[in-house]
Amino acid sequence: MRFPRIPAVIFLVSFLSPLAYSETKPWNGEPHSIPGTIEAEHWDTGPAGVAYSDTDRENRGEDYREKTEVDIEKRSDASNGHGVGWTREGEWLIYTVEVKESGTYKIVIPVASKKEGGLIHLEFDGKDVTGPMRIPDTGGWQTLQLITKEGVVLKKGIFRMKLAMPEKGESGGIGDIECFRFVRTGD
Ligand SMILES: [Ca+2]
Ligand SMILES: [Ca+2]
Ligand SMILES: [Ca+2]
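A brief look at the structure comes next.

Rules used in this analysis
Residues numbered from 1 in each chain as written. Chains lettered and ligands numbered in written order. Predicted model: local features only at pLDDT ≥ 70, side-chain atom pairs only at ≥ 80, totals over all residues. Heavy atoms only, no water. Helix = DSSP H or I, 4+ residues; strand = E, 2+ residues; numbered from the N terminus. Buried < 20%, exposed > 50% of the residue type's maximum accessible area, 1.4 Å probe, protein only. Contact = heavy atoms within 4.5 Å. Areas by Shrake-Rupley, 256 points an atom, 1.4 Å probe, with all protein chains shown as cover. Phe/Tyr/Trp six-rings, centres within 6.5 Å; stacked < 30°, edge-to-face > 60°. Lys NZ or Arg CZ within 6 Å of the ring centre and 35° of its normal. Polar contact = N/O pair within 3.5 Å; in protein donor to acceptor, adjacent residues only side chain to side chain. Pairing = 2+ DSSP bridges.

A few words on the overall build of the protein chain. When helices and strands are counted, the protein chain shows one helix and 14 strands. The buried share among the 187 residues of the protein chain stands at 45%. If you take every contact in the protein chain between residues at least 6 apart in sequence, the share linking residues at least 24 apart comes to 72%. A total of about 10,100 Å² of accessible surface is found on the protein chain, and carbon and sulfur atoms cover 53% of it.

Next comes the structure, spelled out in structure tokens:
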């Protein structure tokens, strides 16, 4: 009697799938460099629940990259002409980044919100490096304002950066997020 091959196949598939689906690929194949600017709309390639989490299935905005649930907005005042909009409590995005130089960084994020927005923070490999940052009422969705976090200590290496959006504000959402500028300010 020949030994059935199916169990071996099932074993292989069940072994490989978690690996295949737990990984994301950096936008354009290369990690984002820090120091430098990371476009909010350039989160990693990968499926929902792995590369991003969005509360509704469709992209409510611009058809800018591959089919995605994340809501991308086109805006003329944005770096790269786009940002992430329609952000809701509990959503998140993953970015593969490479910190080229260990040191202390300032992070500047252009944001917009009509009424006070929600709280965001950045995690590196699961560690919150910024603490909560509030997106303020910028006077309207068409008006970007900079929010800044100083004194963020980062180590050289490749990390999974997560934009976490844990708590909505008075606006009912989080806010429009345009990009993340990392400036090295000291050792
Ligand atoms: Ca969506
Ligand atoms: Ca959304
Ligand atoms: Ca942008």
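Once that is clear, we can look at the packing of aromatic side chains. Summed over the entire model, instances satisfying the criterion amount to five aromatic pairs. Here the aromatic rings of W43 and Y52 are separated by 6.3 Å at their centres, their planes lie at 75 degrees, and the arrangement is edge-to-face. Using a relative accessible area of 0% as the deciding quantity, one classes W43 as buried. In this structure an aromatic cluster arises from ring pairing among F124, F159 and F182. The residue whose ring lies beneath R65 is W43, and the NZ or CZ to ring-centre distance is 3.9 Å. A cation over a ring is seen here: K162 above W92, with NZ or CZ 4.9 Å from the ring centre.

Its location among the elements puts R65 in the loop between strand 3 (52-53) and strand 4 (72-74). For R65, a relative accessible area of 7% gives the class buried. Within the structure, the side chain of R65 is placed 3.0 Å from the backbone oxygen of E41, a separation counted as a polar contact. Polar contacts involving the side chain of R65 include one to the side chain of E66, which spans 3.1 Å. Contact partners of R65, with chain neighbours within four places excluded, come to W27, E41, H42, W43, D44, T45 and I72.

Okay, the pairing of strand 7 (residues 103-113) next. Burial within strand 7 is extensive, with 10 of its 11 residues counted as buried. Two strands pair when backbone bridges link them, and strand 7 and strand 11 (residues 140-154) are joined in this way by nine bridges, in the antiparallel orientation. Residue Y105 lies in a different strand from strand 11, and its bridge partner there is V152. Where strand 7 lies against strand 14 (residues 179-186), five bridges are found, and the strand directions are antiparallel. When the sheet's bridge partners are listed, V108 is paired in strand 14 with R181. Where strand 7 meets strand 13 (residues 176-177), two bridges bridge the pair, whose relative direction is antiparallel. Residue pairing in the sheet places V111 in a bridge with I177 of strand 13.

Geometric values such as these leave the question of function open.
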